[in-house]
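# Examining the three-dimensional arrangement
Now for the letters of each chain:
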Amino acid sequence: MMSFEPFMGQILLFTEGVTVYFNNISWIAVWTCYHVFTFCLSFCNVTLTFIYRYFILIHNYVLGRTQFILLTVFVIFWNLMFVLFLGLSLVNEKSPNYNIILQRAKEVYKEEIEHGSSQLVILDIFGTFGVLFNAFLTLTIVLASIIIIYCFAKIRITLNSQQNIMSKRSKELQRQLNKAMLIHASVPMIICFLPISILELMGYFNINIKAFCTLFFFAFEWVPFFNGIISLTLIGSCRNYTKKIFGLEVKVEKITQATVID
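Worth saying up front: this structure is predicted, and the values here are computed from it rather than measured.

### Structural notes on the overall build of the protein
- The number of helices and strands found in the protein is nine helices and three strands.
- Its helices and strands in sequence order give the protein the pattern β-β-α-α-α-α-β-α-α-α-α-α, from N to C terminus.
- Here the protein holds 262 residues, and 39% of them are scored as buried.
- For the protein, long-range pairs separated by at least 24 residues make up 76% of all intrachain contacts whose partners lie at least 6 apart in sequence.
- Counting every atom, the protein has about 15,400 Å² of accessible surface; 66% of that belongs to carbon and sulfur.

Structure representation (C-alpha cells):
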C-alpha cells in the first residue's frame with residue numbers, strides 16, 4: 001500500500017507494504033496513476049450502464065457492438081488524459097524543490113521516511129499539471145453526474161407512464177434496478193471522490209492529520225464491497241438467492257400477467 005499525506009501544499013506518498021519492493025520512482029508513479037485510473041473508470045462504467053439502459057427503455061434501441069466499443073474506448077481515453085496529468089504532476093526527485101520538501105518532511109515524518117519507507121514521492125497537486133488533473137477530474141464528475149441524473153429521471157418518467165401495461169413483477173424489478181443503479185453511482189462519489197477532495201483541501205490549507213489522511217484516501221477500496229452489498233440487498237432475485245444459500249426463508253411473490261390497455 002501507499003500512504004498519502006498533505007504537506008506544504010503538496011501530497012506526499014510513502015511506500016509501504018508490497019510497494020517497498022518497487023524502489024524505482026517511475027514504478028511508484030505508474031502504480032499511483034493506475035490506482036486512481038481504475039477507480040475513476042469504475043465510476044464512468046456506471047455512467048455507461050445508465051446510457052445503455054436509457055437507449056433500451058426510452059428509444060427501444062440497443063447499442064451495437066461497434067458503438068459500445070467506441071464509447072468504451074472514448075471513456076478509457078478520457079480517463080487516461082487526466083491520469084497523464086497526474087503523472088506529470090510528480091515532482092522530479094532531482095529537482096531542488098524535491099530536496100527542500102524532503103528535508104522539511106524528514107522533520108515531521110522522520111519515522112516513516114528513515115525506517116518505514118524506501119521512497120518518498122511528491123505530487124505537486126496545485127501546480128500546472130496538478131490543476132489540469134483536478135480540472136479533468138472535476139469535469140468528469142460533473143458530466144457523469146449530469147448524464148446519470150438525466151437518464152435516471154427519463155427512465156423513471158417513462159416507467160411511470162407505462163404503469164398500466166406492465167406486470168407487477170416487471171414494475172417492481174425496474175424500480176429495484178433504478179434504485180440500485182443510482183446508489184451504485186452515489187457510492188463512488190461519497191467514498192472515492194469525496195476523500196480525494198478532502199485530501200487535496202488539506203494539502204491546500206496545509207492541514208496535517210498524519211495517518212488519518214491515508215484512511216480518507218483508501219476509503220474507496222471499499223467500493224467493490226459496497227456495490228456487491230447493494231446488489232444483494234436491493235434486487236429481489238439476488239436477495240432471494242442469497243437467502244437460499246444461507247437456508248433462510250424466501251418470500252414467494254405471485255406472478256401476475258401484464259394487462260395491456262389499448
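### A look at the packing of aromatic side chains
- This model, assessed by the stated rule, comprises eight aromatic pairs.
- On the numbers, 5.8 Å between centres and 50° between planes, the contact of Tyr54 with Tyr150 is tilted. One end of the pair, Tyr54, is in helix H1 (residues 25-59); the other, Tyr150, is in helix H5 (residues 128-161), with 96 residues separating them in the sequence.
- Owing to a relative accessible area of 10%, Tyr54 belongs among the buried residues under this scheme.

### Quick word on the UniProt feature "transmembrane region" (unreviewed entry) in the protein
- The UniProt feature table records "transmembrane region" (unreviewed entry) at residues 12-30, 36-56, 68-91, 136-159, 180-203 and 209-235.
- End C-alpha to end C-alpha, residues 36-56 measures 31 Å, and it is 100% helix and 0% strand.
- Secondary structure across residues 180-203 comprises 100% helix and 0% strand; the distance between its end C-alpha atoms is 34 Å.

### Here's the deal with the environment of Leu102
- You can see Leu102 is positioned in helix H3 (residues 96-108).
- Using a relative accessible area of 14% as the deciding quantity, one classes Leu102 as buried.
- Sequence separation of Leu102 and Leu120 is 18 residues, and the distance between their C-alpha atoms is 7.9 Å.

### Focus on the environment of Glu172
- Within the element layout of this structure, Glu172 appears in helix H6 (residues 168-204).
- Here the alpha-carbon distance between Glu172 and Ile235, two residues 63 residues apart in the chain, equals 9.4 Å.

### Structural notes on helix H8 (residues 223-234)
- Helix length check: H8 (12 residues) gives 16 Å between terminal C-alpha atoms against 16 Å at 1.5 Å per residue, within 8%.
- Considered for burial, the residues of H8 that qualify are Val223, Asn227 and Ile230. Summarising the axial view, the buried residues of H8 lie within an arc of 60°, below the 170-degree limit, and thus occupy one face.

### A closer look at the side chain of Arg53
- With respect to the helices, strands and loops of the structure, Arg53 is situated in helix H1.
- On the basis of relative accessibility, which here comes to 11%, the residue Arg53 falls in the buried class.
- The contact partners of Arg53, leaving out residues within four places of it in the chain, are Ile155, Gln174, Leu177, Asn178 and Met181.

### Some points on the nonpolar core
- One finds Ile11, Phe50, Phe82, Leu86, Phe133 and Leu137 to be the most contacted residues of the largest nonpolar core, which totals 31 residues.
- Elements with a contribution of two residues or more to this core: strand E2 (10-15), H1, helix H2 (65-88), strand E3 (120-123), H5 and H6.
- Discounting residues that sit within four places of it in the chain, Ile11 has contacts with Phe4, Glu5, Pro6, Val121, Ile122, Leu123, Ile125 and Leu199.
- Leu12, Ile101, Leu102 and Ile122 belong to the second largest nonpolar core, which has 10 residues in total.

### Notes on the packing of H8 against helix H9 (residues 236-245)
- Axis separation between H8 and H9 bottoms out at 5 Å; the angle between their running directions is 90°. The angle between H8 and H9 places the two elements in the roughly perpendicular class. Along its contact with H8, which presents Ser231, Leu232, Thr233 and Leu234, the element H9 presents Gly236, Cys238, Arg239 and Thr242.
- Its residues assigned to classes, the contact of H8 with H9 comprises three nonpolar, four polar and one charged.

### A look at the environment of Thr158
- With respect to the helices, strands and loops of the structure, Thr158 is situated in helix H5.
- With 101 residues separating them along the chain, Thr158 and Leu57 place their C-alpha atoms 7.8 Å apart.
- A distance of 2.8 Å separates a polar atom in the side chain of Thr158 from the backbone oxygen of Lys154.

### Comments concerning unusual backbone geometry
- Located in the positive-phi region is Asn60, a residue other than glycine, with phi close to 50°.
- Looking at where Asn60 falls in the secondary structure, it is placed in the loop between H1 and H2.

Conventions we followed
- Residue indices begin from 1 for each chain and proceed along its sequence in written order.
- Given that the model is predicted, a residue must reach a pLDDT of at least 70 before its local features are reported, and side-chain atom pairs must reach 80 or more before they are shown or counted; all residues, however, enter totals for whole chains, interfaces and linings.
- With hydrogens and water excluded, all non-hydrogen atoms of the structure serve as input to the side-chain values.
- Every helix listed is a DSSP run of H or I at least four residues long, and every strand listed is a run of E at least two residues long, numbered separately from the N terminus.
- Exposure categories follow from relative accessible area, calculated using a 1.4 Å probe and restricted to protein chains: below 20% of the type maximum is buried, above 50% is exposed, and the middle band is partly exposed.
- By definition in these notes, contact holds between two residues if any of their heavy atoms fall within 4.5 Å.
- In these tables, accessible area is a Shrake-Rupley quantity obtained with a 1.4 Å probe, and a residue counts as shielded only by the protein chains included in the view.
- Aromatic contacts are taken between Phe, Tyr and Trp rings whose centres are within 6.5 Å, Trp giving its six-membered ring; a plane angle under 30 degrees counts as stacked, one over 60 as edge-to-face, and the others as tilted.
- UniProt positions are given in the numbering used here, feature names are shortened, and annotations may be inferred rather than shown by experiment.
- To estimate the expected span of a helix, subtract one from its residue number and multiply by 1.5 Å.
- In this description, one arc is meant: the one made by directions from the helix axis to the C-beta atoms.
- To form a nonpolar core, buried Ala, Val, Leu, Ile, Met, Phe, Trp, Tyr and Cys residues must be joined to one another through side-chain atoms within 4.5 Å.
- In this description, a line fitted to the C-alpha atoms serves as the axis of each element, helices being fitted only across the stretch in contact, and the angle between N-to-C directions of two axes falls anywhere from 0 to 180 degrees.
- Each angle is binned into one of four classes, with values under 35 degrees roughly parallel, values over 145 roughly antiparallel, values of 65 to 115 roughly perpendicular, and all other values oblique.
- Ten residue types, Ala, Val, Leu, Ile, Met, Phe, Trp, Tyr, Cys and Pro, are classed as nonpolar, four, Asp, Glu, Lys and Arg, as charged, and the remainder, Gly among them, as polar.
- Polar contacts here mean pairs of N or O atoms no more than 3.5 Å apart (in protein, one a potential hydrogen donor and the other a potential acceptor; neighbouring residues in sequence count only if both atoms are side-chain atoms).

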